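If you want the building blocks of each chain, they are given just below.
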Amino acid sequence: MASTLINGGDSSVLDMDKKAGYGGGVDDVYGEDSATEDQLVTPWTVSVASGYTLLRDPHHNKGLAFTEKERDAHYLRGLLPPAVLTQELQEKRLMHNLRQYEVPLHRYTAMMDLQERNERLFYKLLIDNVEELLPVVYTPTVGEACQKYGSIFRRPQGLYISLKEKGKILEVLKNWPERNIQVIVVTDGERILGLGDLGCQGMGIPVGKLSLYTALGGLRPSACLPITIDVGTNNEKLLNDEFYIGLRHKRATGQEYAELLEEFMTAVKQNYGEKVLIQFEDFANHNAFELLSRYSSSHLVFNDDIQGTASVVLAGLISALKLVGGKLADHKFLFLGAGEAGTGIAELIALEISKQTKAPVEETRKKIWLVDSKGLIVKSRIGSLQHFKQPWAHEHEPVKELLDAVKAIKPTVLIGSSGVGKTFTKEVVEAMASLNEKPLILALSNPTSQSECTAEEAYTWSKGRAIFASGSPFDPVNYEGKVFVPGQANNAYIFPGFGLGLIISGAIRVHDDMLLAASEALAAQVSEENYGKGLIYPPFTNIRKISAHIAANVAAKVYELGLASHLPRPKDLVKYAESCMYSPLYRSYR
């Protein structure tokens with residue numbers, strides 16, 4: 001009966017329609033509707049961004065901010081509600097919505113959804129509300145996001161290069177839609193923050209870092225490429241997780257690992273050229289030092305955990321001298337943690353003291369002491385020490401505990417880079433306060449749960465005398481009627497401006513002097529008003545201005561060392577850096 005009504009009584013027409021692949025009156029040109037699941041169809045797509053396609057293109061979508069004229073010109077009539085909103089009003093609405101979420105991870109997923117939907121609005125939101133949103137898109141929330149990445153995974157935001165791609169990494173790089181890449185952040189997921197081996201789920205880190213490169217350093221989003229190298233994971237929990245998105249086997253090591261990385265580094269240079277910045281992120285100690293050492297003479301490489309952390313901590317120390325007095329060479333430093341971060345910071349401090357005093361770096365290292373899991377690093381242990389710890393083995397009797405090391409060494413500065421929480425105990429902080437009028441205490445481990453002590457503990461146990469900074473953010477502390485604002489020794493102060501400086505000068509290699517230049521530029525941005533609150537870092541609200549000054553200082557050093565390829569040198573490097581920065585304001589479309 002139905003077929004007679006549809007086709008005017010001719011049921012043979014309906015049979016022909018079925019054979020031709022008609023569905024609901026729409027011609028199925030590509031045979032997709034009539035194909036069974038195991039039949040092959042071609043995934044055709046439309047390339048001109050207009051109408052429905054334009055609304056789903058995050059690079060060009062403006063949502064309700066499309067003007068009446070643009071709605072007519074780009075076939076958007078009816079696809080949007082009639083209201084036209086400004087970007088500012090869209091931003092206000094989104095911030096209102098984000099503040100309704102009580103769970104930080106929900107805020108993170110909402111921000112990632114926005115980035116996939118409307119790129120410019122995402123960066124406008126991040127730039128204008130940087131202090132509020134930095135902990136959402138980066139540490140500490142990004143750590144939880146990586147732990148649960150398999151469950152919250154929606155769309156690939158970068159490139160995944162696994163052992164399956166061995167022998168064809170260059171082809172994989174060519175699958176990325178953008179051709180002009182200026183910076184790559186790459187991880188193998190073995191040491192994500194203080195959370196350990198998260199394998200393929202470490203992708204949250206390169207994605208987060210590159211969103212900060214754009215928001216804080218002004219690099220174009222299209223010039224940034226996040227990459228995760230998946231060689232497996234030793235995390236049993238992930239290997240048994242049905243939602244895990246990576247290779248399900250133990251980590252590859254030795255030659256297999258080295259060959260994959262060598263192919264990757266060669267392919268990157270071949271595809272993107274000599275001047276692409278490759279930032280290593282969250283590699284385990286043994287690989288981090290090896291990769292930096294191996295490729296620093298042939299590629300433009302930077303390890304944020306070793307060099308970025310060192311540079312931002314050195315900036316805090318230089319700036320803190322205004323509060324504690326003396327020169328850097330007058331102080332004695334004790335570290336808890338002798339991995340990438342600890343030894344990287346120690347070496348940069350030694351280099352800066354050497355630069356200031358003209359003493360050899362072997363001599364200046366003697367002012368710096370490190371404690372690892374086996375106690376104070378001393379000469380008698382040298383035979384069993386990893387190579388990167390050996391320069392820090394000084395003459396001293398063995399000391400097992402941190403508290404005893406504080407009492408024996410009598411440091412003026414205590415720095416935590418251990419990745420182990422609650423290790424700066426009440427006794428340790430009180431010992432520092434008994435030795436110093438203003439003990440300088442830096443609890444750098446991330447995320448917040450791994451911090452060596454909290455801001456409140458540092459101020460309370462030192463009776464309000466400590467100068468404190470941490471890796472993750474802490475709220476202001478009220479101690480006996482005085483409000484202390486803890487500083488945050490966040491790498492986000494350094495790496496966006498540092499990377500911008502390398503790129504605007506066309507640097508071909510990274511040199512330690514460039515890191516010192518970045519530290520000095522950041523320290524110079526701390527105002528008297530900041531010092532009045534006990535801060536040794538400037539507020540993040542001015543971060544783009546800070547990044548421009550860091551970029552200018554770094555670029556100046558690149559030109560001075562003869563490592564620049566962007567010639568002639570611009571007259572005013574600060575203005576030039578600012579002029580190169582990406583703006584998230586909407587563009588008008590023809």
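Residues numbered from 1 in each chain as written. Predicted model: local features only at pLDDT ≥ 70, side-chain atom pairs only at ≥ 80, totals over all residues. Heavy atoms only, no water.

A.B. asks: Help me out: how do you make sense of unusual backbone geometry in this one?
C.D. replies: Glycine aside, the phi torsion of most residues is negative, and most peptide linkages are trans. Cis peptide bonds are those with omega within 30 degrees of zero, and the linkage from Thr139 to Pro140 qualifies with 10°. Pro447 follows Asn446 through a cis peptide bond whose omega is -10°. Here Pro447 is to be found in the loop between β12 (440–443) and α21 (455–461). Not every positive phi belongs to a glycine, and Lys410 is a case in point at roughly 55°. Here Lys410 lies in the loop between α19 (402–409) and β11 (413–416). Assessed through its relative accessible area of 48%, Lys410 is described here as partly exposed. (Helix = DSSP H or I, 4+ residues; strand = E, 2+ residues; numbered from the N terminus. Buried < 20%, exposed > 50% of the residue type's maximum accessible area, 1.4 Å probe, protein only.)

A.B. asks: Looking at this model, I keep getting lost on the pattern of salt bridges. Mind explaining?
C.D. replies: Should the charged atoms of two oppositely charged side chains come close, the side chains can pair. A full pass over the atoms with the stated rule returns 30 salt bridges. In this structure, Arg509 and Glu274 form a salt bridge, with 2.9 Å as the shortest nitrogen-oxygen distance. Residue Arg509 is found in the loop between α22 (495–505) and α23 (512–523), and its partner Glu274 is found in the loop between α14 (254–272) and β6 (277–280); the two are separated by 235 residues along the sequence. Note on Arg509: relative accessible area 17%, which makes it buried. Each of the salt bridges in this network shares a partner with another, and the network as a whole consists of Asp188, Glu190, Asp197 and Arg251. (Salt bridge = Lys/Arg side-chain N within 4 Å of Asp/Glu carboxyl O.)

A.B. asks: Mind showing me how you'd approach helix α16 (residues 304–324) here?
C.D. replies: Turn by turn, an α-helix covers 3.6 residues, leaving residues three or four places apart pointing in a common direction. Taking 1.5 Å of rise per residue, the 21 residues of α16 would be expected to cover 30 Å, and the 28 Å separating its terminal C-alpha atoms lies within 8% of that figure. With 17 of 21 residues buried, α16 is to be regarded as a mostly interior element. Between a side-chain oxygen at the N-terminus of α16 and the backbone nitrogen of Asp305 the separation is 2.8 Å; the capping residue is Asn303. (Expected span 1.5 Å × (residues − 1). Polar contact = N/O pair within 3.5 Å; in protein donor to acceptor, adjacent residues only side chain to side chain.)

A.B. asks: I'm lost on the state of the cysteines in this one. Help?
C.D. replies: Think of a disulfide as a covalent bridge from one cysteine sulfur atom to another cysteine sulfur atom. The tally for this structure, following the rule as stated, stands at zero disulfides. Take Cys146: it sits in no disulfide, and the sulfur closest to it among the cysteines is that of Cys200, at 11 Å. For the unlinked cysteine Cys224, the closest cysteine sulfur is that of Cys580, found at 14 Å. Residue class for Cys224 comes out buried when judged on its relative accessible area of 7%. (Disulfide = S-S within 2.5 Å.)

A.B. asks: Even after reading the chapter, I still don't get the side chain of Asp372, so can you show me in this structure?
C.D. replies: Along the chain, Asp372 falls in strand β9 (residues 368–372). Asp372 gets classed as buried once you look at its relative accessible area, which sits at 10%. Only 3.1 Å separates the side chain of Asp372 from the side chain of Lys389, close enough to count as a polar contact. If sequence neighbours within four positions are ignored, Asp372 has contacts with Ala338, Ile377, Arg381, Leu385 and Lys389. (Contact = heavy atoms within 4.5 Å.)

A.B. asks: What is the right way to look at the domain arrangement of the protein chain in this model?
C.D. replies: Where interface size is given, it is often the accessible area lost as the parts come together that is meant. Domain annotation for the protein chain reports domain 1 (51–123), domain 2 (138–303), domain 3 (308–489) and domain 4 (493–580). A C-alpha centroid distance of 25 Å is found between domain 2 and domain 4. Contacts between domain 2 and domain 4 engage 22 residues on the former and 19 residues on the latter. Between domain 2 and domain 4, a total of about 1,700 Å² is buried, with carbon and sulfur atoms accounting for 67% of that surface. Ranking the residues of domain 2 by area buried against domain 4 places Leu216, Leu300 and Phe302 at the top, with a combined share of 34%. For the pair domain 2 and domain 4, the interface holds one salt bridge. Counting across the interface, domain 2 meets domain 4 through eight residue pairs in polar contact (both at pLDDT 80 or more). Those elements that place two or more of their residues in the side of domain 2 that touches domain 4 are α12 (204–217), β6 and β7 (301–303). Ranked by the residues each element gives to the side of domain 2 that touches domain 4, the list is headed by α12, at seven residues. (Domains from an automatic or database assignment. Buried area = accessible area lost by both parts, 1.4 Å probe.)

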